[in-house]
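# Overview (structure and organization)
If you want the building blocks of each chain, they are given just below.
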There are 2 protein chains.
Amino acid sequence: MADQLTRVFAALADPTRRDIVARLAVQDATVGELATPYDVSLQAVSKHLKVLEDAGLVTRTRDAQRRPCHLEANVFDLMTRWIERYRREAEARYQRLDAVLAEMQGTAASNDEQGAAS
Amino acid sequence: MADQLTRVFAALADPTRRDIVARLAVQDATVGELATPYDVSLQAVSKHLKVLEDAGLVTRTRDAQRRPCHLEANVFDLMTRWIERYRREAEARYQRLDAVLAEMQGTAASNDEQGAAS
DNA sequence: GTCGTTCTCAACCAAATGGTTGACGACGAG
DNA sequence: CTCGTCGTCAACCATTTGGTTGAGAACGAC
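The following refers to the structure shown. All values derive from a computational prediction rather than experimental measurement.

Right, let's talk about the overall build of chain A for a bit. In terms of regular secondary structure, chain A is built from five helices and two strands. Looking at the 118 residues of chain A, the share that counts as buried comes to 23%. Within chain A, counting contacts between residues at least 6 apart in sequence, those at least 24 apart form 51% of the total.

Pasting the structure below:
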């Protein structure tokens, strides 16, 4: 299968699944409980949960015929680490650009002075 | 079209596109430069860039017939905010669970004492 | 102007995705 | 044991996705 980062991003690229995650962050819930607010079949929600489970975002235990779903928060770190890494790089680059622009501004001012002097 | 959060997560749910983002974090690049390391057609890379652009992750300017691509770091915040929100909730719930378990442990100890007393 | 370079657009294709319905397994209640 | 409940599995369908190729637009160089 795809690597976990791919699976996690893909899992969260669906509004229904993000909503499920949002609700599971508040409280564990069964498949039926999760399905009620949506006007799709129970099977569709079950599929969504499988995607979330494969991504490592959700774990399920047994309780008689119920399958309580639990949000696994630690997987979020995987994403955060990836995002932060490149956000930092991009921002660092932005800072350097600012510095370069400031220097160019300074150089331009010097040139103006020289130009005015000549 | 879909909302931006959906588009951003979907855009990053592809290894090639994540790699493009990683490389753009270091330095701006043209479509051709970005395409060379991959063994797919230039058109395929162009499509990937369109997806990243639609997600707001990349902006493109003109330079003669070149189209330099630039990473737009601020969109990352959208994701980070979403992720952090639910990660926090989930962690807070985890803390409360710990507290409940600790209390139950205490109650169980009291019951044991009562049981021993009766 | 014509030519080479860079890139996008359009049409097409195979595979994956998100949905449906129907059948069935697993379980507690009666 | 039988019944209703909760959930999954399987087959199917429409749409999207990631890739291809071929044509062509936009631009600098000559």
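After presenting the structure, the write-up continues.
Next up on the list: the protein's contact with DNA strand D. Not every one of the 22 residues close to DNA strand D is listed here, only the nearest: Thr30, Gly32 and Ser46 of chain A together with Ser41 and Ala44 of chain B. Within the residue set of the surface near DNA strand D, elements represented by two or more residues are helix 3 (31-35) and helix 4 (42-54) of chain A together with helix 4 (42-54) of chain B. Broken down by element, the surface near DNA strand D gets its largest block of residues, five residues, from helix 4 of chain B. Here the residues of the surface near DNA strand D are counted per class, giving eight nonpolar, 10 polar and four charged.

All names here are of chain A. With 13 residues, helix 4 ought to run about 18 Å at 1.5 Å a step, and its terminal C-alpha atoms sit 18 Å apart, in line with that. Those residues of helix 4 lying buried are Val45, His48, Leu49 and Leu52. Seen end-on, helix 4 carries its buried residues on one side only, within an arc spanning 100°. Close packing links the buried residues of helix 4 with helix 1 (4-12), helix 2 (15-26), helix 3, strand 1 (58-60) and strand 2 (69-71). Among the residues trailing helix 4, Gly56 stands out with phi positive, at a value near 85°.

Each partner contributes residues to the interface: chain A has 22 residues there, and chain B has 22 residues. Counting residues per element, the ones that place at least two in the side of chain A that touches chain B are helix 1, helix 2 and helix 5 (75-117) of chain A. The element best represented in the side of chain A that touches chain B is helix 5 of chain A, accounting for 10 residues. Of the residues in the side of chain A that touches chain B, the class split is 17 nonpolar, two polar and three charged.

Moving on, we get to the relation of the copies chain A and chain B. Least-squares fitting of chain A to chain B yields an RMSD of 0.1 Å, with the superposition described by an axial translation of 0.0 Å and a rotation of 180°. What the rotation and shift describe, once combined, is the action of a two-fold rotation axis. Same-surface contact between copies: 100% of interface residues of chain A are shared with the interface of chain B.

With that settled, the discussion passes to the protein's contact with DNA strand C. Around DNA strand C, a shell composed of 22 residues is seen, among which Ser41 and Ala44 of chain A together with Thr30, Gly32 and Ser46 of chain B lie nearest. Of all the secondary structure elements, the ones that give two or more residues to the surface near DNA strand C are helix 4 of chain A together with helix 3 (31-35) and helix 4 of chain B. A per-element tally of the surface near DNA strand C places helix 4 of chain A first, with five residues. When its residues are assigned to classes, the surface near DNA strand C shows eight nonpolar, 10 polar and four charged.

A few words now on helix 2 of chain A. Residue and element names in this part refer to chain A. The first and last C-alpha atoms of helix 2 sit 17 Å apart over 12 residues, in line with the 16 Å expected at 1.5 Å per residue. Those residues of helix 2 that fall on the buried side of the exposure criterion are Arg17, Ile20, Val21 and Leu24. The buried side chains of helix 2 occupy one side of the element, clustering within an arc of 100° when seen end-on.

Quick look at the packing of helix 2 of chain A against helix 4 of chain A now. All names here are of chain A. Where helix 2 contacts helix 4, the axes come no closer than 10 Å and their chain directions differ by 70°. The pairing of helix 2 with helix 4 is recorded here as roughly perpendicular in orientation. Of helix 4, the residues touching helix 2 (which contributes Thr16, Arg17 and Ile20) are His48, Val51 and Leu52. When the residues that make up the contact of helix 2 with helix 4 are grouped by side-chain class, the tally is three nonpolar, two polar and one charged.

On to the environment of Val31 of chain A, then. Structurally, Val31 of chain A can be placed in helix 3. Leave out the neighbours within four places in its chain, and Val31 of chain A touches Leu42, Val45, Ser46, Leu49 and Arg67 of chain A.

What counts and what doesn't
- Each residue is numbered by its place in its chain's sequence as written, counting from 1.
- To read the labels, note that chains go from A and ligands from 1, taken in the order they are written.
- For this predicted model, a pLDDT threshold of at least 70 governs which residues receive local features, and a threshold of 80 or more governs which side-chain atom pairs are given and counted, while totals over whole chains, interfaces and linings are taken from all residues.
- Numbering of helices and strands runs from the N terminus, with a helix taken as a DSSP run of H or I at least four residues long and a strand as a DSSP run of E at least two residues long.
- Here exposure depends only on C-beta density: within 10 Å of a residue's C-beta, 20 or more other C-beta atoms make it buried, 12 or fewer make it exposed, and intermediate numbers make it partly exposed, the C-beta atoms being placed from the backbone.
- Placing a C-beta atom from the backbone of each residue, one calls two residues in contact when those atoms lie within 7 Å.
- Each residue receives a C-beta atom placed from its backbone. It is near a molecule or strand if this atom lies within 6 Å of it.
- Amino acids are sorted into nonpolar (Ala, Val, Leu, Ile, Met, Phe, Trp, Tyr, Cys and Pro), charged (Asp, Glu, Lys and Arg) and polar (every other residue, Gly among them).
- Helix span, as expected, comes to 1.5 Å for every residue beyond the first.
- An arc is given here, and it is the one of the directions from the helix axis to the C-beta atoms.
- The fit set for superposing copies consists of C-alpha atoms from residues with pLDDT of at least 70 in both; the fit itself is least squares.
- Axis angles are defined between N-to-C directions and span 0 to 180 degrees, where every axis is a line fitted to C-alpha atoms and, for a helix, only to the segment in contact.
- Roughly parallel means an angle under 35 degrees; roughly antiparallel means over 145; roughly perpendicular covers 65 to 115; every other angle is labelled oblique.

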